[in-house]
Number of protein chains: 2
Amino acid sequence: MAPGHYCFSFEEGDGKNKQLLGGKGANLCEMTQIGLPVPPGFVISTEACLKYFEQGEKLPEGLMDEVRQHIADLEEKTGKGLGNRENPLLVSVRSGSALSMPGMMDTILNLGLNDDTVQGMIQLTQNERFVYDSYRRLLQLFGKICLGVADEHFDKVFDQVKEEQHATFDTELTAAALRDVSERFKEVIQKRTGSPFPHDPWQQLETAIEAVFRSWMGKRAVDYRRQFKITPEMANGTAVNIVTMVFGNLGNDSATGVGFTRDPGTGENRLYGDYLINAQGEDVVAGIRTPRPLRDLRQDMPEVYRELEKLRHTLEKHYREVQDFEFTIERGKLYALQTRNGKMNAWALIKTSVDMVNEGLFNEEVAISRVQPEMLEQLLHRRIDPDNKMEPIITGIAASPGAAVGKVVFDADRAEQLGRLGEPIILVRIETKPEDIHGFFASQGILTSRGGKTSHAAVVARGMGKPCVAGAEALEIHYDVKEARIGEHTIREGDVITIDGSNGNVYLGSVSMLEPEFSEDVFTLLDWADEHADLEVWANADTPEMAALARKYGAKGIGLCRTERMFNDPERLPVVRELILADSPEARKMAIDRLMPMQRSDFLEIFRAMSGLPVTIRLLDPPLHEFLPTAEELASEISNLKEFNQIMRSLEQLPETLMVLDPELRKYIPGIEAVSREFSDYKQRGLDERLLKQKENTLRKVRALQEVNPMLGHRGVRVAISYPEIYEMQVRAIFEAAAQGLREGLEVKTEIMVPQVCTLQELLWVHRRVVAIHEEIEKRYNVKINYKFGTMVEVVRACMRAGKLASVAEFFSFGTNDLTQATFSFSREDAENKFLPLYTEHQILQDNPFEILDIKGVGRLMQVAIEWGRKTRSDLKVGICGEHGGEPRSISMCRELGLNYVSCSPLRVPVARLAAAHAQLGAQKAAGSL
Amino acid sequence: MAPGHYCFSFEEGDGKNKQLLGGKGANLCEMTQIGLPVPPGFVISTEACLKYFEQGEKLPEGLMDEVRQHIADLEEKTGKGLGNRENPLLVSVRSGSALSMPGMMDTILNLGLNDDTVQGMIQLTQNERFVYDSYRRLLQLFGKICLGVADEHFDKVFDQVKEEQHATFDTELTAAALRDVSERFKEVIQKRTGSPFPHDPWQQLETAIEAVFRSWMGKRAVDYRRQFKITPEMANGTAVNIVTMVFGNLGNDSATGVGFTRDPGTGENRLYGDYLINAQGEDVVAGIRTPRPLRDLRQDMPEVYRELEKLRHTLEKHYREVQDFEFTIERGKLYALQTRNGKMNAWALIKTSVDMVNEGLFNEEVAISRVQPEMLEQLLHRRIDPDNKMEPIITGIAASPGAAVGKVVFDADRAEQLGRLGEPIILVRIETKPEDIHGFFASQGILTSRGGKTSHAAVVARGMGKPCVAGAEALEIHYDVKEARIGEHTIREGDVITIDGSNGNVYLGSVSMLEPEFSEDVFTLLDWADEHADLEVWANADTPEMAALARKYGAKGIGLCRTERMFNDPERLPVVRELILADSPEARKMAIDRLMPMQRSDFLEIFRAMSGLPVTIRLLDPPLHEFLPTAEELASEISNLKEFNQIMRSLEQLPETLMVLDPELRKYIPGIEAVSREFSDYKQRGLDERLLKQKENTLRKVRALQEVNPMLGHRGVRVAISYPEIYEMQVRAIFEAAAQGLREGLEVKTEIMVPQVCTLQELLWVHRRVVAIHEEIEKRYNVKINYKFGTMVEVVRACMRAGKLASVAEFFSFGTNDLTQATFSFSREDAENKFLPLYTEHQILQDNPFEILDIKGVGRLMQVAIEWGRKTRSDLKVGICGEHGGEPRSISMCRELGLNYVSCSPLRVPVARLAAAHAQLGAQKAAGSL
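Reading guide: rules and limits
Residues numbered from 1 in each chain as written. Chains lettered and ligands numbered in written order. Predicted model: local features only at pLDDT ≥ 70, side-chain atom pairs only at ≥ 80, totals over all residues. Heavy atoms only, no water. Helix = DSSP H or I, 4+ residues; strand = E, 2+ residues; numbered from the N terminus. Phe/Tyr/Trp six-rings, centres within 6.5 Å; stacked < 30°, edge-to-face > 60°. Buried < 20%, exposed > 50% of the residue type's maximum accessible area, 1.4 Å probe, protein only. Pairing = 2+ DSSP bridges. Contact = heavy atoms within 4.5 Å. Axes fitted to C-alpha atoms, helices over the stretch in contact; angles between N-to-C directions. Right-handed = clockwise from strand over helix to strand, strands pointing away. Parallel < 35°, antiparallel > 145°, perpendicular 65-115°, else oblique. Left-handed = near helix turned anticlockwise from the far one by under 90°. Nonpolar A, V, L, I, M, F, W, Y, C, P; charged D, E, K, R; others polar. Salt bridge = Lys/Arg side-chain N within 4 Å of Asp/Glu carboxyl O.

Another aspect to go through is the environment of L514 of chain B. Structurally, the position occupied by L514 of chain B is in strand β23 (residues 513-514). Taking the C-alpha atoms as reference points, L514 of chain B and H381 of chain B, separated by 133 residues in sequence, lie 8.7 Å from one another.

The following block contains the structure:
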């Protein structure tokens, strides 16, 4: 048969040309041509559809002639005949454009049925009920789609019949009832359209083709294309697929099912799927019968099973991807109806990636590209068992992934106390502060009622890899009574809850969990990723444990070791406070001398964990007041104390006086006992003048340190210039630890980083001291300590002065959190709670710039800084240690900006490694070199 | 006489060659050559000095021969002889390098005296005491400088003689005693050097020349040059000036004095100065006799006075500048000893500038350049009478210039209350807040104990042109008792004090004042300045009064009209608070509807004041919480209220119970009366539950609005996007006022400016609303309202996106205060109180970037923004409205950056106009076109 202008049989259609044949049509052609048993059929091209509209909704000339030829071809292939009562050919007429638009356009099944062929089908299938059910469906679909009769007219009739039959469900209707429905449906069509249902299959066919074409310009489809911005370049017109109907419900030698070429849950290389004997696809959907696993088919139909195995290999060999396919077995004959790339969970995706490279199905680049970086997150955390049926009581913001179960505790001290006893804890706070850090260590997870993905709780939890749900606003927390209320529920200290930081769900009680898995395959894939990326991935790690984790996950160094986290350790905080509250240089020195050995041992342990890899230590960054209680707390305490004291003074002698009154007389003074108790209580609390003094002293210092805008305040290198002894102590601790490490045989590569720098003079100021201490300690320990000296670039002015800074700094590390705040003049904490949601809602910003690096503003500044910095020092090493360092889109931008490395929290390292490879492969693809 | 290699007579030396002849030598040559009666003399060049050191401290060959020739010349001119007993020639030997190094090098007077010539001098002067005093001075100076005998040896002897004579002061010594001193000084020299004092004047001369040369490399001089970074290019070697001594103390026909070619206090064009008959310069210094005004000399010596008048004109004609000169009259003959440019106050400088242009002495460019812009500040404010002798009790930071006297008041409400009664008030606060604004209006001046030049108090006071002394830290202010303590002093409410914001002084009581003067001459000079500057000067003005003032001082427009100042008006603040605290859109609308007419009338009045000139109105900028009390204040009040209530509840019945006790019994309860009083007092204050509720409500709202970093918070256009009705109300008020103004016949040029913009979308968001309201109001009023739409550029990202912003914005106005904060990540308030002083002290920053625009960082960003903005819109108008707009160095940078205008507070407008002209003239000079 010669190819027509508009129609293409599955044997001849170009399986790559989705624009012409639509996605479904191309797919069916492709499957046919690689030898799969697709039911015979053909495609009417999208060109015909366009022509149809061009000509004012008229079928193109010659189209129906072509259709007739192709139907004749089908009749020949199947031995059936369109409208033939003995062996009727039934077909489906389906829409299908270049892009999938699920449910937007129309499909008609069982076309070819009429009062005549129905009888033939009953003969053939011996299943009268099935045939009438098919018939009434055709009548309704055809009536609605081709003839424009509204569903409600059919539904009304159908409901009447059900009522007459006392049936609640469709499935309760008998063959006779369904025949009755068919009869009445035909009457509906006659009544509504003024003409009878067309029994002529050719007329059915022509009407159906036109109807499918028209559905392309239907309101639903047009709206959908507008909504998803589908342009004519992407999809123009719909094709029409005309396919021989096959039936899996023609007896026990028939079946229908769904298969995967590999197990989508584990990635195992074996046929996987479900099937139902003597059933149609919709029986599976109806859920009346339970499908059986495909392996059972080996017993039921060994021959067909072998065919399926062959089909699986054919599919994979051709598509080079795991396939998810539909099949029907009609009287022992296997038909493949559809295939598409199989959706898999992270575990399966990774295993198949590695296996299929080993099997030669694709190369490493493809293996890398198949796995979206974010998917790796799933592998790193415990997760709620997907089979769990519990309903969450509240849903907050998914702030740090993973699930945790534990007893509710409302303050950090208590969390620590219970944590020591081995209790699993969920720390529940309105919001958290740096001084709660010990509570984080002691807890399995964190739940807050305020703050977003970049709140303190979220950032710290992510850094520690602990699950966190933030901003669960419906949670009313009352610290005083140690309760949290959600609607009528009350959660008390000690109650067990489960939180899921991957989706923000919070459950009452304990929900079953799956443990994280991180297989050899993951490491293999990540090693490949590293080979395909120039951008290195380092980690932000403040403790030896985190450093070890980072190393395990493949970090090439530590890009940010925050020394203030060490200050917040509950054993050290009192010493740090002594340092800050010190009234004399001597007192300050005493505190410094106690802190030094603590810091030294911190550093030594990190050097041990990272021997051979660089460790970038950032000198103290936060403002000192962050280590003290707030003025508001103190002021309120003081105000109360004073009030008590004043009352006490005025009433000093009263209680004694009352007590010495004659007992008889006391009776006349109502409430006197309670009053006396109150007094002695107040006295105890109120008369402590020493406590008052102490609190007032602290308040004075807090007030002096208080800042209007702490983000822009006395912090980082600015603190160092005011109190040189702090950085001197830290630098000394670093070099002493390095010296000790070298003696132990470690390979120590330390990099000292100065935060908040805005001018060359600051950097020089610190550098002079570093050089002096380095020299002194090299001499004292008689070792050679190599180190690098560099700066954070997180102040806008540092970008503007990058050329100068690079004359001293051997490396730059962009602190994109702070840099973003300064570039936008957005305070992160304020912005995310107040106006940022509105900004993204109104599309004033496309993304939250604290989550996705703002390439137009912040990126531009970085670009300038890198260019000027490298002009001064061509081998300037440049990295990023803001949270963006673990976010795939931002990582891609970092690569474009020419960074050497990104640094992120240890648990994000795998994601970042994969993202770095993706970025590079994407760029190579765009440049045409892949 | 032929000119030598090293020596130049005053008649032949090149008066312009300071490098060769030193400053003093060149000056004496110049004066001689223009015909002034300079005492004969000559200069030994700096080349001789350099040669002296080159040859290892040996006088150059032939030098002394030259000296001898020049001395012979002097002898001829004076008729005196070196060493001649009858008529001895005495000379001074003075150092003098190209740059003045006051007191660093040596000078010897009366050289030529010896035992012989002393007798001659006594004959000539008939003043033995004077001659021996001169002699003993020569001996000591010569001994010390030329022979290296330490002062202490001379001083010891001198003290002995004084003791013997029972004299306390040198002046009490008789001629005989001084002769005795001279004799003993000669013995000191003999004893200490082993040789007698050289009586040979030639030997004296040679030794003195060498000594002056050596002083160039003396420790003092070398240190001085290092300290002030004086390089050899600037001054290399010292010259030696040898000048005939003249004496103003040779009788009543002799005198000495100092003259100005014009009055340096008023600029009046007349001879001005002081003189003393029969006196030497040092007599004036000793202060024993009171000098007389020069006009008296007209009677005393009419001939000499005429010569002085001639000299004055000769000087001005030559130097084209007011001169300050020294003279001596020796026996009726006038000698000019020195001349230099006269130092004048602002008033005199301006008058002479204008006068001398009119007299043709110099042109307008010179007139402009002569007056430093900052000097104009002096003219704008009342000032403390310079003759006042009172001592300040404390000195703070000079935060806003001018002086004010008034009664001390410690809070803004009280200030307003007393201010209404016409009392002059000085508002004294620890620091001020926006809600104190009504107190500023009511006060003459402001004094704070905290904060610097850019504290709230300082900025607001400068904006209003009111004097302010800030950061007077020794002032302990106690609001509760309405007292301020400074050491043992206590200042109470109502006490009168005087503050001087020009130098930071604070005085107890009332100090006499001079009223400001702003003469026609100032306006003339400023008009010239405008003609010589392309950069326009606009003003920041929030009220009609300020606008009028700005216009009076020559502002070409209003560059910043802050609408929030209007919100802070005490009558409006309650409505603004209603708006913010509103719980429903209706309540918000009600408040908005009340605010609208107020704003409209504000704008209309400003349009009236500025008809014909542009008025740039900035829509609301500060975060809403700035209009509310602080959380800390509220929390403390609430905590107290609660405490009271609790006590009250527990003790409810007690007072009654106590009161009903038998009076006889009451005696047994000590202090019962006081207790009862306390209770009823507390009850009154404490039991107001309604007040508590209200306060708690407000606190809740304040907490919700509270921000961690308000500078980077929910403000400017961000508030507009959250509460569109606020900007809509303001825009409506602007256009309605414009429409009304146009009907009145005003020429309204309004420019609407959006603050805190960081992305094009924000600007578009506001622009859409502005366009809609504009259209509506044009239609309603049936007028054509022209306006411009633009943006503040104060967020770093706005600079990066300037090209995009300029597609909507017709003008940019740099808010350099905020931009500087964001660029440095310095919060101004925090930085200036905490680390900035240390930064400038350690030279980490050269200047406070909030005072002087930081050209390397902030300026760089501005440059980029202007370039990109004008690429999009070539006629983009660019200005600056930060405080830098009134600072001369910053104005010069703004000119270089290509700005169209600077906008500053009205009182800075004159300074800025002059600075703009200076910048332009400076640039033209550098480019060689002037």
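Attention shifts here to the packing of aromatic side chains. One pass over the full model with this rule turns up 32 aromatic pairs over all chains. Their ring planes at 45° and their centres at 5.5 Å tell us that Y52 of chain B and F213 of chain B sit as a pair that is tilted. Of this pair, Y52 of chain B sits in helix α2 (residues 46-54) while F213 of chain B sits in helix α8 (residues 201-215), placing them 161 residues apart in sequence. Summarising the burial analysis for this pair, Y52 of chain B and F213 of chain B share the class buried. Geometrically, the ring pair formed by Y224 of chain B and F228 of chain B is tilted, given 4.7 Å between the ring centres and 40° between the ring planes. One aromatic cluster is present, built from ring pairs that chain together F824, F826, F835 and Y839 of chain A.

Each strand in a sheet pairs with another by means of backbone hydrogen bonds, the pair being arranged parallel or else antiparallel. All names here are of chain B. Overall, mixed pairing links the 8 strands, which are arranged β12-β22-β21-β14-β15-β16-β17-β13 in an open sheet. Across the chains shown, the open sheet's two edge strands, defined by having one partner strand only, are β12 (394-395) and β13 (397-400). Where strand β15 (residues 425-429) lies against strand β16 (residues 445-448), 4 bridges are found, and the strand directions are parallel. Each bridged residue has a counterpart across the sheet, and for I426 the counterpart in β16 is G445. Each of β14 (403-409) and β15 touches helix α16 (residues 412-420); the most contacted strand, β15, lies at about 175° to it.

Take the pairing of strand β28 (residues 787-793) of chain B next. Residue and element names in this part refer to chain B. Among the 7 residues of β28, 5 are classified as buried, and the element is accordingly described as predominantly covered. For the handedness criterion, the β-α-β arrangement of strand β27 (residues 749-754), helix α31 (residues 760-781) and β28 is classed as right-handed. Strand direction decides the pairing type here: β28 and strand β29 (residues 811-814), joined by 4 bridges, are parallel. The residue of β29 that forms the bridge with V793 is F814.

Attention now goes to the packing of helix α22 (residues 573-581) of chain A against helix α23 (residues 585-609) of chain A. Residues and elements named next belong to chain A. Following both chains from N to C, one finds α22 and α23 inclined at 150°, their axes separated by 8 Å at the closest point. By the angle between their directions, the pair α22 and α23 is classed as roughly antiparallel. Classified by chirality, the crossing of α23 by α22 is left-handed. Along its contact with α22, which presents V575, V576, E578 and L579, the element α23 presents R588, A591, I592, R594, L595 and M598. Taken together, the residues that form the contact of α22 with α23 break down as 7 nonpolar, no polar and 3 charged.

Time to look at the pattern of salt bridges. Counted under the stated rule, the structure contains 116 salt bridges over all chains. K77 of chain B serves as the salt-bridge partner of D73 of chain B, at 3.2 Å between the closest nitrogen and oxygen. In this pair, D73 of chain B and K77 of chain B both sit in helix α3 (residues 63-78), 4 residues apart, roughly one turn of the helix. A relative accessible area of 39% places K77 of chain B in the partly exposed class. The partner of R492 of chain B in a salt bridge is E483 of chain B, with the nearest N and O atoms 3.4 Å apart. For R492 of chain B, a relative accessible area of 44% puts it in the partly exposed group. Put simply, E564, R618, D621, R715 and D818 of chain A are held in one network by salt bridges that share partners.

Residue and element names in this part refer to chain A. Within strand β27 (residues 749-754), 5 of the 6 residues are buried, which leaves the element mostly enclosed by the surrounding structure. In this structure, strand β26 (residues 614-618) lies alongside β27, joined through 5 bridges in parallel fashion. By the bridge assignment, I617 is partnered in β27 with I752. Across 5 bridges, β27 lies against strand β28 (residues 787-793) in parallel orientation. The residue of β28 that forms the bridge with I752 is F789.

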